[in-house]
Amino acid sequence: MQIFTGHTSQVGLDTVGLTNLKSVRWNMGPAALYEEAIRRGEGVVTAGGALLVTTGEHTGRSPKDKFIVDSDGTHDAVDWGTINQPITRDRFDALYARVTDYYKGRDAFVLDCWAGADPEYRLPVRVVTETAWHNLFARNMFIRPKPADLAGFEPAFTVLHAPGLSANGKADGVNSGTFILVDFDRRLILIGGSWYAGEIKKSIFGVLNYLLPDRGVMPMHCSANVGAKGDTAVFFGLSGTGKTTLSADGTRTLIGDDEHGWSDAGIFNFEGGCYAKVIRLSAEAEPEIWAASHRFGTVLENVVHDPVSRVLMLDDDSLTENTRSCYPIDFIPNTSETGVAGHPVNVVMLTADAFGVLPPIAKLTPEQAMYHFLSGYTARVAGTEKGLGKEPQATFSTCFGAPFMPRHPSIYGAMLRDKIAKHGATCWLVNTGWSGGRAGDGGDRMKIAYTRAMVRAAVDGRLSAAPVREDGRFGLLVPEACPDVPSSVLLPRGAWTDKGAYDATAHDLCGRFEANFKKFEPFVEDSVKAAGIRQAA
């Protein structure tokens, strides 16, 4: 028997091989999805009204379990390697058959949605899930069409989500029981073996990162906001670097917190929601995100709560450091109604420096901007990926989003270079990481109040003409002063008690930068090479 609730589409599930289902629930609203999730034992309602779920073994992404079908269309376009791993058509088809067989006799929840706020570039996406809460997650994260748009909805990409189905590892041509497979020819994504909902949104991000460059649009792993004068700012950065926190600024209008495109017309959000990391979330420091995480309609992943009062215990990392809150973007006050804005006036690159030696803010030349964009230095924070352990690890993730970039980094780097040159954006490097020592070894996390003050001064123009001094180690142009920030905070060496330890650590990091960038040198101009960081003798 099939139960149709919500607005259905004329394009049925049989087009992707799903037949003999127990029930199909189409485009359900939050209240109905809540009811189903509670009835099915998928989660609990917390004090304040959010739906709380746990994801078991996987509390973060599984980057080693992502594969793309190697076909005539993708063979020469994808940057194959440990991130973009190939899978044969036969292997994909075998797992595809297992997914469609898995769904027989089961309930299916269907969401028809869009990825991309600009109608010229948005991608119609269908997400099919076996749970109500994953469907609510997708509903929060993607852009929700109006009911009138659903009857004739034709998906350009379909996600078949089967977390309860595990692969057989190498026997199935993958690495473990988890699989995230993309077929660009059939416009199909298969996800299995992981209940972590972030795989759904990131798989579509990867699709847009592959498709949009051919249309002249630069896909960006960034948040974005805009000031009262129309001055757009974008914030590049990996998980834990502050994209969501710094873009949710009550003095500016939020465009989006994670994924955007930069076209000839300006920027546009890929999503309709936010996916904020909430470990040790503070109502005082991050009031907008805190409030959004305590209301009906929000999905909380792996957040600990008191089982009696249902009050959230946001400081508890016993399940994971990567606790998450997923909510519609309009849960944040002062958000853009359109999800689009003009060309960026400021481009901010966020890094969480685990070594504690980079300055908290520096102004970048265009050549330095391209260098740091391709380098993508930050610290992978424990819990955002499976297997990282408890300590943060320094890493270089090109374009501040290497796990999501199917094409060669030089393609995205060239697009950034050209757009900065054409539109005259000012570029900044902001360290939201540690100061006074290494992470876990004497260093303290940069105070968010100071970081907010520095970013506000940068994007509103107060730092643009400020005097700067060149950092002798990294060649970065550091402002000599910033409103509401002690001058001593701007000089990282001064924050270390042991200056010799700072010098040795900075020297080591310079060597890491230099070694990492060698692979990009054949693809960049001499001016970018000259702007790079080198390990002096």
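The structure under discussion appears in the preceding block.
A short tour of the structure in this document, coming up. Quick caveat, the model's predicted, so the values are computed rather than measured.

The next thing to look at is the overall build of the protein. Helix and strand counts for the protein stand at 11 helices and 28 strands. Taken over the C-alpha atoms alone, the protein extends approximately 70 × 55 × 45 Å along its principal axes. Within the protein, buried positions represent 60% of all 537 residues. The contacts in the protein between residues at least 6 apart in sequence include a share of 72% that link residues at least 24 apart. Mean positive and mean negative side-chain charge positions of the protein (54 and 62 charges, respectively) differ by 1 Å.

Positionally, Glu286 belongs in the loop between strand 16 (273–277) and helix 6 (287–292). At 5.4 Å, Arg452 is the nearest oppositely charged side chain to Glu286, a buried residue that forms no salt bridge. Sequence-distant contacts of Glu286, defined by excluding residues within four places in its chain, comprise Thr245, Leu281, Ile448 and Arg452.

Spatially, 8 strands are ordered 1-6-7-8-10-9-4-5 in an open sheet, and the strand pairing comes out mixed. Each of the sheet's edge strands pairs with one partner strand only, and the pair in question is strand 1 (23–26) and strand 5 (85–87). The average undirected angle you get between the axes of adjacent strands in this sheet is 25°. Where strand 6 (residues 107–115) and strand 7 (residues 123–129) come together, 7 bridges link them in antiparallel fashion. Paired with Phe109 across the two strands is Thr129, which belongs to strand 7. Contacts from helix 4 (residues 198–211) reach strand 6, strand 7, strand 8 (157–162), strand 9 (179–183) and strand 10 (188–192), with the element oriented near 150° to strand 10.

This paragraph deals with the pairing of strand 1. Neither face of strand 1 is exposed, since Ser23 and Arg25 on one face and Val24 and Trp26 on the opposite face are all buried. As judged from the 4 bridges shared by strand 1 and strand 6, these two strands associate in the parallel manner. Residue Trp26 lies in a different strand from strand 6, and its bridge partner there is Val110.

Our focus in this paragraph is the nonpolar core. Counting 69 residues, the largest nonpolar core has Phe236, Met349, Phe373 and Phe474 as the members making the most contacts within it. Among all residues touching Met349, those that are not within four sequence positions of it are Phe236, Leu364, Ala369, His372, Phe373, Phe400, Leu416, Trp428, Leu429 and Val430. Listed in part, the 51 residues of the second largest apolar core include Tyr34, Ile68, Val127 and Val299.

Glancing now at the packing of helix 1 (residues 30–39) against helix 3 (residues 132–141). A pair of packed helices can be characterised by two numbers: the angle between their axes and the separation between those axes. The contact between helix 1 and helix 3 brings their axes to 8 Å, and the two run at 155°. By the criterion of interaxial angle, the relationship of helix 1 to helix 3 is roughly antiparallel. Classified by chirality, the crossing of helix 3 by helix 1 is left-handed. Residues Pro30, Leu33, Tyr34, Glu36 and Ala37 of helix 1 touch helix 3, and the partners they reach there are Ala132, Trp133, Asn135, Leu136 and Arg139.

Overall, the coordinates contain 20 aromatic pairs when judged by the stated rule. A network of ring pairs unites the aromatic residues Tyr371, Tyr377, Phe396, Phe513, Phe517 and Phe520 as a single cluster. Above the face of the Tyr275 ring, Arg324 is positioned so that its terminal group lies 4.9 Å from the ring centre. Sitting over the ring of Tyr210, Arg407 keeps its end group 4.3 Å from the ring centre.

Attention now goes to the layout of surface pockets. Roughly 490 Å³ of volume is contained in the second largest pocket. Lining the second largest pocket are 20 residues, and of these Ile143, Arg144, Glu337, Thr338 and Gly339 lie nearest its centre. Class assignment of the residues belonging to the lining of the second largest pocket gives a composition of 6 nonpolar, 7 polar and 7 charged.

In total, this model carries 2 cavities of 30 Å³ or more according to the counting rule given. Taken together, 21 residues make up the lining of the largest cavity; nearest its centre are Lys66, Val182, Ser203, Gly206 and Pro403. Contributions of two or more residues to the lining of the largest cavity are made by strand 4 (66–69), strand 9 and helix 4. Broken down by element, the lining of the largest cavity gets its largest block of residues, 5 residues, from helix 4. Here the residues of the lining of the largest cavity sort into 12 nonpolar, 5 polar and 4 charged. Each pocket or cavity is described by its volume, and for the second largest cavity that value is around 40 Å³.

Let us look at helix 3. With 9 of 10 residues buried, helix 3 is to be regarded as a mostly interior element. Within the span of helix 3, buried status applies to Ala132, Trp133, His134, Asn135, Leu136, Phe137, Ala138, Asn140 and Met141.

The next subject is the packing of helix 7 (residues 366–375) against helix 8 (residues 409–423). The geometry of helix 7 relative to helix 8 is characterised by a closest axis approach of 10 Å and an angle of 150° between their N-to-C directions. By the angle class used here, helix 7 and helix 8 are roughly antiparallel. Between helix 7 and helix 8 the crossing geometry is right-handed. Every residue of helix 8 that contacts helix 7 at Ala369, Met370, Phe373 and Leu374 is listed here: Pro409, Tyr412, Gly413, Ala414, Leu416, Arg417 and Ile420. Residue composition of the contact of helix 7 with helix 8, by class: 9 nonpolar, 1 polar and 1 charged.

Rules used in this analysis
- Residues numbered from 1 in each chain as written.
- Predicted model: local features only at pLDDT ≥ 70, side-chain atom pairs only at ≥ 80, totals over all residues.
- Heavy atoms only, no water.
- Helix = DSSP H or I, 4+ residues; strand = E, 2+ residues; numbered from the N terminus.
- Buried < 20%, exposed > 50% of the residue type's maximum accessible area, 1.4 Å probe, protein only.
- Contact = heavy atoms within 4.5 Å.
- Lys, Arg positive; Asp, Glu negative; His and termini not counted.
- Charge placed at Lys NZ, Arg CZ, Asp CG, Glu CD.
- Salt bridge = Lys/Arg side-chain N within 4 Å of Asp/Glu carboxyl O.
- Pairing = 2+ DSSP bridges.
- Axes fitted to C-alpha atoms, helices over the stretch in contact; angles between N-to-C directions.
- Core = buried A, V, L, I, M, F, W, Y, C linked by side-chain atoms within 4.5 Å.
- Parallel < 35°, antiparallel > 145°, perpendicular 65-115°, else oblique.
- Left-handed = near helix turned anticlockwise from the far one by under 90°.
- Phe/Tyr/Trp six-rings, centres within 6.5 Å; stacked < 30°, edge-to-face > 60°.
- Lys NZ or Arg CZ within 6 Å of the ring centre and 35° of its normal.
- 1 Å grid on protein atoms, 1.4 Å probe; cavity = no way out; pocket = protein on both sides within 12 Å on 5 of 7 lines; lining within 4 Å.
- Points joined across faces, edges and corners; volume = space filled by probe spheres on them.
- Nonpolar A, V, L, I, M, F, W, Y, C, P; charged D, E, K, R; others polar.

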